Amino acid sequence: MMKQMIMTLLAAVMVSTAAVAQDKDSNKPSVDNNRKQEMVKHRTDRMVEDYQLNNKQAKKLLELNTEYADKMRPRHHGHHGHHGPHGMRGQRPEPPKSDMEGERPEPPKGDREEHRKEMAETMKAYDAELQKIMTKEQYEKYKADMQQRRERGHRGPQERG
């Protein structure tokens, strides 16, 4: 009788553990999606503040930033420090492991060039849409800010104010 109770209890623990593990796995995409939405909202809010956009512009910008959120995330090949265009920071995957301590494999050069070309085209399309949302003065200020960030190499604290 006691042996049967222990076996039943053990089976119940195993089933509940498996159910909890499946539940955690099924929540992961929604957690990632929530993080992405928070990043898009934060980026939009910052641009609304920096360029003094009105409510109509803010709504259109949120739609634009949502549309381009996945397109503008950098593809990672084990290099650090690049946060994508316009200072947008994405979730970082674990850097690849290497047989030699301290070295990371380089992606094929053609792959990097193709990615740069795709990103340039995406940024050009984003900028064209952004230009439709912003006034001429707002867009000129935005372009000047982006030029300063490029000159800084996307590094260091971003000046605000």
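Below is a summary of the structure that appears in this document.

Reading the values: the criteria
- Residues numbered from 1 in each chain as written.
- Predicted model: local features only at pLDDT ≥ 70, side-chain atom pairs only at ≥ 80, totals over all residues.
- Heavy atoms only, no water.
- Helix = DSSP H or I, 4+ residues; strand = E, 2+ residues; numbered from the N terminus.
- Polar contact = N/O pair within 3.5 Å; in protein donor to acceptor, adjacent residues only side chain to side chain.
- Phe/Tyr/Trp six-rings, centres within 6.5 Å; stacked < 30°, edge-to-face > 60°.
- Buried < 20%, exposed > 50% of the residue type's maximum accessible area, 1.4 Å probe, protein only.
- Expected span 1.5 Å × (residues − 1).
- Arc of directions from axis to C-beta.

## Overview of the environment of Lys-143
(1) Moving on: For Lys-143, the position within the fold is in helix H4 (residues 136-152).
(2) Moving on: Sequence-wise, Lys-143 and Asp-127 are 16 residues apart; in three dimensions their C-alpha atoms are separated by 9.1 Å.
(3) Moving on: Reaching out from Lys-143, the side chain makes a polar contact with the side chain of Asp-127 at a distance of 2.9 Å.

## Describing the packing of aromatic side chains
(1) Moving on: Under the criterion given, the structure shown has 3 aromatic pairs.
(2) Moving on: Ring plane angle 75° and centroid distance 5.5 Å describe the contact between Tyr-68 and Tyr-126, whose orientation is recorded as edge-to-face. One end of the pair, Tyr-68, is in helix H2 (residues 55-68); the other, Tyr-126, is in helix H3 (residues 109-133), and 58 residues separate them in sequence.
(3) Moving on: Among the residues examined, Tyr-68 registers a relative accessible area of 7% and is labelled buried.
(4) Moving on: Ring geometry for Tyr-139 against Tyr-142: centres 6.0 Å apart, planes inclined by 35°, an arrangement best described as tilted. Here Tyr-139 and its partner Tyr-142 are both found in helix H4, 3 residues apart, which amounts to about one turn of the helix. Tyr-142 shares its class with Tyr-139; the two are buried.
(5) Moving on: Three or more aromatic residues joined by ring pairs form one cluster here, namely Tyr-51, Tyr-139 and Tyr-142.

## Quick look at H2
(1) Moving on: In this model H2 runs 20 Å from its N-terminal to its C-terminal C-alpha over 14 residues, within 8% of the 20 Å that 1.5 Å per residue would give.
(2) Moving on: Residues of H2 that are buried: Gln-57, Ala-58, Leu-61, Leu-64, Asn-65 and Tyr-68. The buried side chains of H2 occupy one side of the element, clustering within an arc of 125° when seen end-on. Summarising the geometry of H2, the exposed residues directed more than 90 degrees from the buried face are Asn-55, Lys-56 and Lys-59.
(3) Moving on: At the N-terminal end of H2, a side-chain oxygen is found 3.1 Å from the backbone nitrogen of Lys-56, two or three residues along, and the residue is Asn-54.

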